[in-house]
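Tertiary structure, described
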Amino acid sequence: RKEVEQDPGPFNVPEGATVAFNCTYSNSASQSFFWYRQDCRKEPKLLMSVYSSGNEDGRFTAQLNRASQYISLLIRDSKLSDSATYLCVSWDGGATNKLIFGTGTLLAVQP
Amino acid sequence: DGGITQSPKYLFRKEGQNVTLSCEQNLNHDAMYWYRQDPGQGLRLIYYSQIVNDFQKGDIAEGYSVSREKKESFPLTVTSAQKNPTAFYLCASSIRGNQPQHFGDGTRLSIL
């Protein structure tokens, strides 16, 4: 089982739609989580940090469910510019102190 | 402007050649990382360093080497022992290990 699992998509949605991605993690000791956005052939860029139950930033809402070990990202009123791959990331913690990246979910917003 | 600078943007390696990818940051971050990304795949950790003069192997360290002689610099050498080096290489840094990482814009390495 992968440490961080995401549905690869693609998610094809019309402009203005609301779309949600889920991500599951296997390490119950993980404490910090992040969502990154990666455009084609570019570097990942931090979208949101999720340290407690959730976080909201404009059209973007991230939620954390520790009991079920998943993180979600909700995008409201999708824009064409939201088209990208969204990476779910957990902090491994402990001695290794590493971030664990999911393989990403591809979102394509259609006009 | 503060940030992470990777160079070169594109690099070509000949058979049997070692090449070095540069990564410099002026964010005063303690931790630095090297990742490899293959088409359609996620990021895989090559090496990381949490402090100057110290570094640890990541998940795919074979065929690579690093040094961390200065806080702001973390060069990656792709040695001839790495038989499949063609990939997108990303350098990142963070204040500490549990903080978000900020990425450079990457180096694309190909074999001639």
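As shown above, the structure is provided for reference.
For the structure given in this document, a descriptive report is provided here. Fair warning: this is a prediction, and the values are worked out from it, not measured in the lab.

**Remarks on the pairing of strand β11 (residues 107-111) of chain B**
Residue and element names in this part refer to chain B. Pairing geometry for strand β2 (residues 10-13) and β11, over four bridges, is parallel. Within β11, the residue paired with Tyr10 across the bridge is Arg108. Examined bridge by bridge, strand β9 (residues 87-94) and β11 share three bridges and lie antiparallel to one another. The residue of β11 that forms the bridge with Ala87 is Leu109.

**Considering the state of the cysteines**
Two cysteines form a disulfide when their sulfur atoms are joined by a covalent bond. Scanning all chains against the criterion turns up two disulfides over all chains. For Cys23 of chain A, the disulfide goes to Cys88 of chain A, at an S-S distance of 2.0 Å. On the sign convention where negative is left-handed, the bridge of Cys23 of chain A and Cys88 of chain A, at about -75 degrees about the S-S bond, is left-handed. Here Cys23 of chain A is found in strand β3 (residues 19-25), whereas its partner Cys88 of chain A is found in strand β9 (residues 84-91), with 65 residues between them in sequence. Note on Cys23 of chain A: relative accessible area 1%, which makes it buried. Using a relative accessible area of 1% as the deciding quantity, one classes Cys88 of chain A as buried. Between Cys23 of chain B and Cys91 of chain B runs a disulfide, and the two sulfur atoms are separated by 1.9 Å. In this structure, the disulfide formed by Cys23 of chain B and Cys91 of chain B twists by about -75 degrees around the S-S bond and is classed as left-handed. Residue Cys23 of chain B is located in strand β3 (residues 19-25), and its partner Cys91 of chain B is located in strand β9; the two are separated by 68 residues in the primary sequence.

**With respect to the sheet that holds strand β1 (residues 4-7) of chain B**
Residues and elements named next belong to chain B. Within the open sheet, the four strands sit side by side as β1-β3-β8-β7. Their pairing is antiparallel. Here the strands that pair on one side only, and so sit at the sheet edges, are β1 and β7 (64-66). Averaged over neighbouring strand pairs, the angle between their axes works out to 20 degrees when direction is ignored. Two elements, β3 and strand β8 (residues 76-78), share three bridges in a ladder whose sense is antiparallel.

**Observations concerning the interface of chain A and chain B**
In this complex, chain A contributes 20 residues to the contact, which on the side of chain B involves 19 residues. Counting each side, the surface lost to burial between chain A and chain B is near 1,700 Å², with a carbon and sulfur contribution of 53%. Remark: the boundary between chain A and chain B carries one salt bridge. A salt bridge links Asp59 of chain B to Lys98 of chain A, with the shortest nitrogen-to-oxygen separation between them at 3.2 Å. At the junction of chain A with chain B, the criterion picks out four residue pairs in polar contact (both at pLDDT 80 or more). Contributions of two or more residues to the side of chain A that touches chain B are made by β4 (33-38), β5 (44-50), β9 and β10 (99-101) of chain A. Along the lines of polarity and charge, the residues of the side of chain A that touches chain B split into nine nonpolar, seven polar and four charged.

**Quick word on the side chain of His29 of chain B**
Tracing the sequence through the fold places His29 of chain B in the loop between β3 and β4 (31-37). Every residue in contact with His29 of chain B, bar those within four places of it in the chain, is listed here: Arg68, Lys71, Ser93, Ser94, Ile95 and His102 of chain B.

**What about the pairing of strand β8 (residues 70-75) of chain A?**
Both faces of the sheet carry side chains from a regular strand, because those side chains alternate between them. All names here are of chain A. Inspection of the sheet shows β3 paired to β8 by six bridges, in the antiparallel sense. Counted as the bridge partner of Phe21 is Leu73 from β8. Here strand β7 (residues 60-65) folds back onto β8, and the loop between the two strands holds four residues, one of which, Gln69, carries a positive phi near 55 degrees.

**Focus: the packing of aromatic side chains**
Under the defined criterion, the tally for this structure stands at 12 aromatic pairs over all chains. Centre to centre, the rings of Tyr25 of chain A and Phe33 of chain A are 4.6 Å apart; their planes meet at 45 degrees, and the pair counts as tilted. Phe33 of chain A shares its class with Tyr25 of chain A; the two are buried. Between Tyr36 of chain A and Phe103 of chain B, the aromatic rings sit 5.8 Å apart at their centres with planes inclined by 90 degrees, giving edge-to-face as the arrangement. On the criterion of chain membership, the pair formed by Tyr36 of chain A in strand β4 and Phe103 of chain B in strand β10 (residues 102-103) is interchain, its members lying in two chains. Tyr36 of chain A gets classed as buried once you look at its relative accessible area, which sits at 0%. Taking relative accessible area as the criterion, Phe103 of chain B reaches 10% and is therefore assigned buried. Each residue in the set Tyr36 and Phe101 of chain A together with Tyr33, Tyr35, Tyr48 and Phe103 of chain B is aromatic and connected to the rest through ring pairs, giving one cluster. A cation over an aromatic ring shows up here: Arg68 of chain B above the ring of Phe74 of chain B, its NZ or CZ 6.0 Å from the ring centre.

Each value, and the rule that gives it
Residues numbered from 1 in each chain as written. Chains lettered and ligands numbered in written order. Predicted model: local features only at pLDDT ≥ 70, side-chain atom pairs only at ≥ 80, totals over all residues. Heavy atoms only, no water. Pairing = 2+ DSSP bridges. Helix = DSSP H or I, 4+ residues; strand = E, 2+ residues; numbered from the N terminus. Disulfide = S-S within 2.5 Å. Buried < 20%, exposed > 50% of the residue type's maximum accessible area, 1.4 Å probe, protein only. Axes fitted to C-alpha atoms, helices over the stretch in contact; angles between N-to-C directions. Contact = heavy atoms within 4.5 Å. Buried area = accessible area lost by both parts, 1.4 Å probe. Salt bridge = Lys/Arg side-chain N within 4 Å of Asp/Glu carboxyl O. Polar contact = N/O pair within 3.5 Å; in protein donor to acceptor, adjacent residues only side chain to side chain. Nonpolar A, V, L, I, M, F, W, Y, C, P; charged D, E, K, R; others polar. Phe/Tyr/Trp six-rings, centres within 6.5 Å; stacked < 30°, edge-to-face > 60°. Lys NZ or Arg CZ within 6 Å of the ring centre and 35° of its normal.

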